Every structure is written in C-alpha cells, then in structure tokens.
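# Coordinate analysis (summary)
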Amino acid sequence: MTTTDYDRAPRLVDLGSHGSLVGNLEDIWAPKPGLYGWIVSVDHKSIGIRYIVTAFIFLLVGGLEAMVMRFQLARPNERLVTPEQYNELFSLHGITMIFLYALPVLSGFSNYLFPLVLGARDMAFPRLNAFSYWVYLASGIFLYASLLVGAAPNDGWFNYVPYALRAYNPGPNMDFYALGMIFLGISTTVGSVNFVVTFLRMRAPGMTIDRVPILTWGTTTISVGNLLAVPSVSLAFFLLWMDRQFGTHFFRAETGGQPLLWQHLFWMFAHPWVYVVVLPAMGLVSDALPFYCRRPLVGYTAVVVGTITTMVLGFGVWLHHMFATGIPFMALAFFSGASFIITIPSSIAVFSWVATIWTGRPVITTAFLYFAGFISMFVIGGVSGVATAAVAADLQLTDTYFVVAHLHYVLIGINLFAVLGALYVWFPKMTGRMLDESLGKLTFWIVFIGFNVAFFPMHITGLLGMPRRIYTYPDGVGWNAVNMISTIGSVILATGILLYVIVVLKGLRSTERAGDNPWDASSLEWATLSPPPHYNFAVIPYVTSRHPLWESRLPGQGAMFRRDEGLALADGKEALATTAIEAIPDAILKMPEDTAAPFIVTLAMSIGFTGALMHLWWLAGAGALASALGILVWLWPEAELAQRAEEPQ
Amino acid sequence: MLAPWPATPMAYLFGDGDMARSISPLLQGLLAIAILVAAIVSALVIVGAWRQRSALALADTPIDDRPAIAWIGIGVGVSTAVLVGLIVWSTVTMATISRPSQTAAFTIAITAHRWWWEATYRSGDTDQNFSTANEIHIPVGAPVRFTLASADLIHSFWVPALGGKTDVIPGQTNVTWLKADHAGSYRGQCSEYCGAQHAHMAFTIVADPPAAFESWRAAQAKPAAIAQDKGALDGEAVFQQRCSKCHAIRGSRADGDRGPDLTHIMSRARLAAGAIPNNAGWLSAWIADPQHIKPGSLMPKLPLSGRELADVRDYLLTLK
Ligand SMILES: [Cu+2]
C-alpha cells in the first residue's frame, strides 16, 4: 500500500445517498459461521454478552452454595454438611461472587457498551478482548475443577496465612486458588488495558472527554485501579505458591516470615477491588436512571470527580480490614480517618441520583425500580460501612455477621441490583426484544423483599455477636431466630432470581420488537439498530453534546446530531482513532479479522497452569512454550494491519 | 450465671466492662446516624419517585434540565460535617480504650491453639505458676492484661461484653486488657477464621469477687489430688499410657503439651472450648469419640475398651 492510503481522510457522507455503503460494511464485518465462527469472533458485542452470560452462571452457582450454607445455619447444631464442606462452600461462594461474577458481569456490560456509547466500531484491541474473555472462562473452570477433585479452596476468599500454607493445608486446595488467581489476573489486566485505551482513543469525533457516559468513566477509572492493584494480589499468590511448593519463607513466622505481609498485599488489592466491582455499576445507574427520570443526570462533573476520587482514596484504606491485628493505634487513626473521608466522594453520586429523581419526571419501569432499590441499598451498605471505619467500634463489629450484612448490601445492593436493572435497560438493544414489564416488577419485589429479609437481620445477628465463617452455632446464645429469618429470606431471594432468569429466557422468545430506542434514551447506542449491526454504526457519527439524542429537546442546545451523517469507513475493516481529550480524528485504524489465536493461547496457558498445579513441570514448560509460540503467531506483523506505510526510500 | 444478658451472652451494644462501655456509646451513635441517613435518603427516593411520577408515556415526556446541583452541595456538605464529627469522636474513643484507666493488676498469658485456649498464670513464686484452658478467671473490678500468642494459626481473642477483638498472630505477641464490672461468666469466642473447628473455639471469662478469685487461683496452682480408689488408679494408668503425650496433669507423670492441661479439669464448666457441658456423661462421650463432637479436632478418637474408658473417666472425675 502507499502512504496516501494511510493518510487519506474519510469522506463525510449522508447514508440516504450512499445506500451501497451498508452492503459493503455487511460484507466486511460479517462473522464466520458456526461454532468455529463463535470461537474465533473478536466482536465486542458477542464477547460482552458471553461475559454477562458466564458471569450469570457463576452467580447462580455461587447462589446455590449460599443456599446450602443458609440451610446449614437455619438451626443451631445442624449437621447438613461437614465443617470442611462448609469451609469450602463459603470460600468458593466468596471467590465465585467476587471474582467470577461481580467484575466479569460489569466487564460484560462495559465490553458490550463501550464501543456503542462511544460511537466506535469495536474495542481498541479486539483480539485482546477475546483473549480476556477466554482467560476468564478458563480460570473460572480451573478454579471449579478443584471442586470436582474434592479439594476446593477452604480458607475463604481472603485466604489468610498460615492456614493457607502447606503445613496446615497440605492438599491441592490452595494451589488451585493461587494459580487460578494468577491466571485470572491476566484476564483482568489485559481487559483493563483495553478499556483504558478504548476510552482514550476510540471515541467518536467530537465526543470530548466531558461528553462520555459515566459508565465509561467508572470502568476506565477502575481499569487504571486494576492495573495498580492486580499486581499486588498476583504477587501475593505467587509468593504463597512459592512458600507452598519450594519452601520459601515469605509468610512462615517460624522461619522469619511475616503472616501480616499476606494481609497487607491482599487488602492492598482487595479493598480497591470493592470499588472496582461497584464503580462501573454506579456508572450504569448514573447513565440509565436519567432515561427514566426524563432529564439529564444532575451534576455530571461532580459525579465524575467523585468516581475518580473514590478510586484514589480506595487505595488508602486497606488497613481498615486489619484494625484488630495489633497495629499501633496511631497508624490506625490515619486509615480510620481515610475510611470516613472516602464516604464523601461516594455520597456525591447518591445525592446526584436523588436530585435526578426529585427534579425529573420518573417513569416507574422495572429498571427504575431496581435503580431506586439500588440507591437505598447503597446507602444502607454505605452507612453500615461508616460504622466499621471507627476503630473502636470496628473492634466489636469486625468478623461478625454485621460485616456480612454490610458487604452484601454493598455487593448485592450496588452490583446486583444495578446489573438486574441494567439488563432491563439494554436487553432490548442486545436482542431487539423487550423483557416483560409486569413480570419484571413482580420479580423486582420478590428479589427486593427476599434480599432484605435475608440480609437485614444479619446486622442484628452481628450485634448479637455471631462471628463469621462458623459452620454452626450453639443453642441458647440468641442466634436462632435471626438465622432462621435469614434463611427464609434467602429462599425468597433465590425464588426471585430464578424468576428473573425465567423472564429473561422468555424475553429471548418474545415477539415484541424493541425498536432502536424503546426508552427514548439519550446516548449513542440508541442511535443504531437493535440489535446493532456487526459494524455498530454505518457511518461514524459526529458528537456535539453529552446527550446526542436529546439535543433537540434540551434547552440551550441546537439539534446538531445527525444519525445518518458521518464519516464513511467502508474500505476495509477499519475504525477511527481520535485524540485523547478533544476527540479530534487522528488515524484510521486497521481492525484485525476474527482469529483463533486468543483461544489457542488460552488453551496453551491452561495446560501450563495445570502442569504447575500437578507438579508436571514438563507439562508446565510445554504450556509456557506453546503460549509463547501462540503469542508470536498472534502478533506476527501483518501488512494489512500496519498503521503506517513504509517510508519511501 | 452469664452476665450481663443471659439470653444473648455475645451481645455488645451495651457493654459491661470498661473497654466495652467506652465503645458502646460510639457504636450506638454510629448506628443511630446510620439508621437516620438510610431512612432520609430512602424517603427522598420514594417520595421523589411518587410525587413526580409521570403518567405520560416515555416519548412524549418533556425533557427538563432544571439545575439541581444544590442537592449535591447541601448533601455533601452535611455529610462532611457529620463525618468530621465522627472522626473526632472515633479517635477519642480509640485513645480511651488503648489502655486501662488504672494499671493492670497482673498478666495472663494466652496461647491460642487449634481449637482451644491455653491460659497461663505466672507469679513471683514459680511454684504458683499454672496453666489452664478455656475458662479464664479474673477478679472483678480490676483491669487484667493479656498477652496473646499463637501456637499455630491466626485466631482472635474476643469477649464482646467486655471489649473488642485482638488478633492472635503467629510470630508476634499482641497485648490487650479487660476489666469486668460485675461478677459472672462472660462468653468469648475466636473470631478469626482458623479452619475446621473455628466454630467451636469458645471460652469463658469468669469474673470472681477478689477473695473468690484468690482462692480459685490457689486451688488451680495445686497439683492434682492423688487417685484413691481402684477405678481411678486404673484410669490413671490408662491415662499415662494413652493420653499423657498430649495432656499434662501436674502431680502425675503426664506432661504432654499438645492438649489442654487437665490437672483441674473438673473445675471447668464446659469441655472442648465450650463445645459441650462438663459432666460425667459428656466427658465419656468426648473421650470415646471427640471427632463426633468436634470433627477435625486435634484430639484423635482413641481405641479404648469400655472398661478403659470408664476408668479413665473416673480418674478425670477426681481432678477437681
Ligand atoms: Cu481460632
């Protein structure tokens, strides 16, 4: 190719007079057929939906584990499961919900929505995107393989040493967890890089950085957070594995190691992770709640600043998980103060939502109900968290059911409620079909009541002194009634979730067509078809405001947005790169074709990790070599993907 | 007797000892504010949604852009003021509980084991040193200092009615203190996950009037009574053979240290870190099959004949 091919500027066209454009795009972006086509696909929409479906399956599995625990705890001295089984259950439940459900489901929404809301053709690195999904799936299967061989992790998701060390935990349980987490960390890391670069460089022209939806701010913020936090946990698990397999002494107190080192490394990662699994969910609500309130979000800039500040401060509060470890009180005072202060940026969003409802004209749809529920659950989870920020109070509250209540209000309240609502919002976009509203509202009430009956009493259980992670409790210490109520609530909640799944399955068959913009929403994804074509947008739209589809009706803005007019990029699989702040068109990107490379590299890595797990070093070596080869093939320079012509001699 | 609330011995919203009583108001204040804030915001959401709810279809609804930024300003401003107040209150409370108001009367050395608590009392006269398990006596009204060491994993020492938790961490010795205002038993429990029997790692702090405490201490310091009748003597032999590598009985040759000191086992109200009551029946049940009562416990099920079991039980019953 010649230099001019690369330097060309795309034409500005009007779709009405360029009908052939769509036909070309269909050919260029058409996926390969069949199962093979599914495996090699790098389409962000397909990958996003896979993420969501896989995460939902993990949610159901984790929920099943929770149900067994609730039945074991329904009455004192119950013997439904053995102590070891219970310990594996609560460990797997935490690992599943926190790592295999909570972030992946949000990554699913972000993957699906990023290019659509930003007006792009795909993510910045489509193959990396496919890779991050496959690695997520493979590491999830790897972790669950432990259950099949009867050696699931049994030391909680927090995995404290020395119990995780070989002396106390000789089976492969901890090796599954350690290697599985290192494996999963690869997925999180590459996924994060992709979000950051997509956010910075793939926005439609004119979509300056203050015009993007809040979801993209949330996900980008946490992706940067992940890039800083994940290394800490990967390192921690690697050191643990070294201690276990090669007798190093990082954590063994008898040989000069430091058990608390584990806790620092772990919480340095795991506290920020709490924000990682809620900020994008808050973004979903910040973006979608206004659709149903019929007005733009109140305080966009404040919410963005709040999002970023929360993440930054989130790195300075990890010690509040360690208030009882005997660290000097002066050091605790700093972290305690920070833990109080972090409430301030989080509260910005809450007041923004309340103001949006109060000054808007709410239309009470199912999604709205989930978002409204989300706000109050968010506040309950937030204020109970504030109680644990006070060191003295925390010395009583920590490691009791009060914290169990708190964290479920945070995780179910902020993550699951947002996700259940968000699916109602974007299901029509994803499938072109509507979900049943009246069944949806019924489901919401069952979920909402079940959740509160299950978890609200746990605050009281905690105040009555019941410690966490005990497989049973004696009669006569006052814990019977509250536990029975929680179990009943969890049955109601589970019923609600099952009903939700049924409603979604029913929705897939529904004949009611959604139309492009069923909610009369404001952002770019609603300007394309439902479901969107493989290339997302026939022409790359030009964005002139934060609410392209509401422009004509908002005061003070002319209606500049043209759905059918924009840059034509139909000469190959191409996308547009724009500048990081101003979103000025910068380069035409050559997008890769579908490829099996990410899948094959994932397979090779799985083999490597399995080898390491089983001490089959030759297998581990073969896996590593195969991965390296696969990456080499994947990254082998291809002329069609070159972004720059060779300089003429 | 369980003090102060027999029906809910692990509750701490209203503490009894100095430390717990300093924490209680802070805790109550935090909870009150929490409830208030949650109620206000929930009410705003519900009323806001109801008041403004639109009867119109989505598409026809006018899109309003009334500025409402003041909501955020006021909300965040009030929250900040409350939080700053809480930081001050929290810090003051933390300083208050960091040490007792008067110097501690003496120190009890706690060693946490999977899944029981060893308590060692030392005094100037080493003859008076002794070690006991799971039932820890202190005098009423005097602060007592505890050093916390671990024999294996991380545990956490917690007596809710008297004070907050302190983790017990291998390789370091943490220190805490407790003071009870009333005589009675205070239930405690390990509160850091420690494996199979974390659920059964309870203990009791028994606060005695000072005189009663002194006589308890003197009695515990004594070696075990010599076995008298035939059954107990046979039992002692069985014990020497089967149990002594793990258990110590001062005054006999048994000096194992992997399990609790049993010198005055019958002075304790419960067995196996609170798992079961201590009486002849439960004692037999425990010795016969500890794994049934506490699956995973580090005391194995020993193959004892019925006769041996009865004898060893009779022997233990003499260890008052
Ligand atoms: Cu313990």
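If you're wondering where the values come from, they're calculated on a predicted model, not measured in any experiment.

Basis of the calculations
Residues numbered from 1 in each chain as written. Chains lettered and ligands numbered in written order. Predicted model: local features only at pLDDT ≥ 70, side-chain atom pairs only at ≥ 80, totals over all residues. Heavy atoms only, no water. Axes fitted to C-alpha atoms, helices over the stretch in contact; angles between N-to-C directions. Helix = DSSP H or I, 4+ residues; strand = E, 2+ residues; numbered from the N terminus. Parallel < 35°, antiparallel > 145°, perpendicular 65-115°, else oblique. Left-handed = near helix turned anticlockwise from the far one by under 90°. Contact = heavy atoms within 4.5 Å. Nonpolar A, V, L, I, M, F, W, Y, C, P; charged D, E, K, R; others polar. Donors = N, O, S within 2.8 Å, 3.2 Å for Na, K, Ca; no water. Tetrahedral: all angles 85-135°; square planar, octahedral: opposite > 155°, others 65-115°. Buried < 20%, exposed > 50% of the residue type's maximum accessible area, 1.4 Å probe, protein only. Polar contact = N/O pair within 3.5 Å; in protein donor to acceptor, adjacent residues only side chain to side chain. Salt bridge = Lys/Arg side-chain N within 4 Å of Asp/Glu carboxyl O. Domains from an automatic or database assignment. Expected span 1.5 Å × (residues − 1). Buried area = accessible area lost by both parts, 1.4 Å probe. Pairing = 2+ DSSP bridges. Core = buried A, V, L, I, M, F, W, Y, C linked by side-chain atoms within 4.5 Å. Phe/Tyr/Trp six-rings, centres within 6.5 Å; stacked < 30°, edge-to-face > 60°. Lys NZ or Arg CZ within 6 Å of the ring centre and 35° of its normal.

## Some details on the packing of helix α5 (residues 83-118) of chain A against helix α10 (residues 279-293) of chain A
A pair of packed helices is characterised by two quantities: the angle between their axes and the separation of those axes. Residue and element names in this part refer to chain A. Remark: α5 packs on α10, axes separated minimally by 9 Å, with the N-to-C direction vectors making an angle of 50°. Considering the angle they form, α5 stands oblique to α10. Seen from above, α5 lies across α10 with left-handed handedness. Residues Leu106, Phe109 and Leu113 of α5 form the contact with α10, whose own contacting residues are Pro280, Ala281 and Leu284. Split by residue class, the contact of α5 with α10 holds 6 nonpolar, no polar and no charged.

## Things to note about the coordination of the copper ion
All names here are of chain B. Coordination of the copper ion by the protein involves His155 (ND1), Cys190 (SG), Cys194 (SG) and Met201 (SD), with metal-donor separations of 2.1 to 2.7 Å. Because the angles between the 4 donor atoms bound to the copper ion fall within 88 to 128°, the donor set is best described as tetrahedral. Counting gaps between the donor residues of the copper ion yields the pattern H-x34-C-x3-C-x6-M. Taken together, the residues span a long stretch of sequence, with histidine 155 in strand β6 (residues 155-157) and cysteine 194 in the loop between β9 (184-189) and β10 (202-208) at a distance of 39 residues. For the residue pair histidine 155 and cysteine 194, the accessibility class agrees, reading buried in each case.

## Digging into the side chain of Thr208(A)
All names here are of chain A. Among the secondary structure elements, threonine 208 is positioned in the loop between α7 (173-201) and α8 (214-246). The class of threonine 208 is buried, set by a relative accessible area of 15%. Among the polar contacts listed, one links the side chain of threonine 208 to the side chain of aspartate 210, at a separation of 2.6 Å. Ignoring sequence-local partners within four residues, the contact set of threonine 208 consists of Arg203, Ile581, Glu582 and Ala583.

## So, the pattern of salt bridges
Think of it this way: side chains of opposite charge can pair up when their charged atoms draw near. All names here are of chain B. Under the defined criterion, the tally for this structure stands at 24 salt bridges over all chains. Note that glutamate 308 is salt-bridged to arginine 242, the shortest N-O span being 3.7 Å. Within this pair, whereas glutamate 308 is found in helix α7 (residues 306-317), its partner arginine 242 is found in helix α4 (residues 230-242), the two being separated by 66 residues in sequence. Classification of arginine 242 by relative accessible area gives partly exposed; the value is 24%. Across the pair arginine 307 and aspartate 311 runs a salt bridge, and its minimum N-O distance is 3.5 Å. Separated by 4 residues within a single helix, arginine 307 and aspartate 311 lie in helix α7, roughly one turn from each other. Residue aspartate 311 is classed as buried on the basis of its relative accessible area of 8%.

## Overview of the domain arrangement of chain B
Residues and elements named next belong to chain B. What the domain assignment lists for chain B is domain 1 (1-63 + 99-222) and domain 2 (230-317). Relative placement of domain 1 and domain 2: their C-alpha centres are 30 Å apart. Domain 1 puts 18 residues into the contact, and the matching count from domain 2 is 21 residues. Our count for the domain 1 to domain 2 interface comes out at 0 salt bridges. Between the two partners, domain 1 and domain 2, sit 13 residue pairs in polar contact (both at pLDDT 80 or more). Of all the secondary-structure elements, those providing two or more residues to the side of domain 1 that touches domain 2 are β3 (130-133) and α3 (210-221). No other element matches β3, which puts 4 residues into the side of domain 1 that touches domain 2. Broken down by class, the residue content of the side of domain 1 that touches domain 2 amounts to 9 nonpolar, 6 polar and 3 charged.

## Digging into the environment of Leu106(A)
All names here are of chain A. Position of leucine 106 among the secondary structure elements: in helix α5. Taking the C-alpha atoms as reference points, leucine 106 and isoleucine 631, separated by 525 residues in sequence, lie 27 Å from one another. The contact partners of leucine 106, leaving out residues within four places of it in the chain, are Val276, Val277, Pro280, Ala281, Leu284, Asn415 and Val419.

## What about helix α2 (residues 69-98) of chain B?
End to end, α2(B) covers 43 Å across 30 residues, agreeing with the expected 44 Å (1.5 Å per residue, within 8%). For α2(B), the full list of buried residues reads Ile72(B), Gly75(B), Val76(B), Ser79(B), Leu83(B), Leu86(B), Ser90(B), Thr93(B), Met94(B) and Ile97(B).

## Re the interface of chain B and chain A
Of the residues lining the interface, 84 residues belong to chain B; the matching set on chain A comes to 94 residues. Interface area, chain B with chain A, both sides summed: about 7,500 Å², of which 70% is carbon and sulfur. For the pair chain B and chain A, the number of links is 1 salt bridge. Residues Glu192(B) and Arg469(A) are paired through a salt bridge, measuring 3.9 Å at the closest nitrogen-oxygen approach. Applying the counting criterion to the chain B and chain A interface returns 17 residue pairs in polar contact (both at pLDDT 80 or more). Listing elements by their share of the side of chain B that touches chain A, those giving two or more residues are α1 (18-52), α2, β7 (166-168), β9 and α6 (290-293) of chain B. Considering every element that reaches the side of chain B that touches chain A, the biggest residue donor is α1(B), with 18 residues. By residue class, the composition of the side of chain B that touches chain A is 48 nonpolar, 25 polar and 11 charged.

## Re the packing of helix α14 (residues 366-389) of chain A against helix α16 (residues 401-431) of chain A
Residue and element names in this part refer to chain A. Their axes nearest at 8 Å, the elements α14 and α16 cross at an angle of 160°. Classified by the interaxial angle, the pair formed by α14 and α16 is roughly antiparallel. Like other packed secondary-structure pairs, α14 and α16 cross with a definite hand, here left-handed. Of the residues contributing to the contact of α14 with α16, the split by class is 18 nonpolar, 9 polar and no charged.

## Overview of the pairing of strand β5 (residues 144-150) of chain B
Residue and element names in this part refer to chain B. Most of β5 sits out of view: 5 of its 7 residues are buried. Note that β5 and strand β8 (residues 174-178) share 5 bridges and pair antiparallel. Residue pairing across strands places phenylalanine 146 opposite threonine 176, the latter belonging to β8.

## Some details on the nonpolar core
The nonpolar side chains of a soluble globular protein tend to be buried with one another. Counting residues in hydrophobic clusters, the biggest one holds 273 residues, and the most contacted among them are Phe109(A), Trp353(A), Trp426(A), Phe146(B), Phe157(B) and Ile205(B). If you tally residues by element for this core, the top one is α5(A), at 21 residues. Sequence-distant contacts of Ile205(B), defined by excluding residues within four places in its chain, comprise Ile136(B), Ile138(B), Phe146(B), Phe157(B), Val159(B), Leu162(B), Leu178(B), Gly184(B), Ser185(B) and Tyr186(B). Counting residues in each nonpolar core, the second largest holds 24 residues, with Val238(B), Ile287(B), Met299(B) and Val312(B) among its members.

## Here we look at the sheet that holds β10(B)
Residue and element names in this part refer to chain B. Strands sit in the order β4-β10-β9 across an open sheet of 3 strands; the sheet is mixed. Edge positions in the sheet fall to β4 (135-139) and β9, since each has one partner strand and no second. Looking at each pair of strands side by side, their axes are set apart by 25° on average, direction ignored. Bridge count for β9 against β10 is 6 bridges, and the pairing is antiparallel. For arginine 187, the partnering residue across the bridge sits in β10 and is threonine 204. Where α3 meets the sheet, its contacts fall on β4 and β10, and the angle it forms with β4 comes to roughly 135°.

## Description of the packing of aromatic side chains
Evaluation of the coordinates by the stated rule reveals 73 aromatic pairs over all chains. Note on Tyr133(A) and Trp134(A): the rings are 5.3 Å apart at their centroids and 65° apart in plane angle, and the pair reads as edge-to-face. Residue classification places Trp134(A) among the buried residues on the basis of a relative accessible area of 5%. Between the aromatic rings of Phe266(A) and Trp267(A), the centroid separation amounts to 5.1 Å while the plane-to-plane angle is 85°, which identifies the pairing as edge-to-face. The pair formed by Phe266(A) and Trp267(A) is uniform in burial state, with each residue classed as buried. Taken together through their ring pairs, the aromatic side chains of Phe56(A), Tyr370(A), Tyr409(A), Phe417(A), Tyr424(A), Phe444(A), Trp445(A), Phe448(A), Phe451(A), Phe455(A), Phe456(A) and Tyr500(A) make up a single cluster. Over the aromatic face of Trp158(B) sits the side chain of Lys165(B), whose NZ or CZ is 3.7 Å from the ring centroid. Positioned above the aromatic ring of Phe106(B) is the side chain of Arg217(B), whose terminal nitrogen or guanidinium carbon lies 5.0 Å from the ring centre.

## Regarding unusual backbone geometry
Residues and elements named next belong to chain A. For the bond running from valine 161 to proline 162, omega is 0°, close enough to zero to count as cis. Of note, proline 162 is situated in the loop between α6 (126-148) and α7. In the segment running from serine 530 into proline 531, the intervening peptide bond is cis, with an omega of -10°. Positionally, proline 531 belongs in the loop between α18 (480-509) and β2 (540-541).

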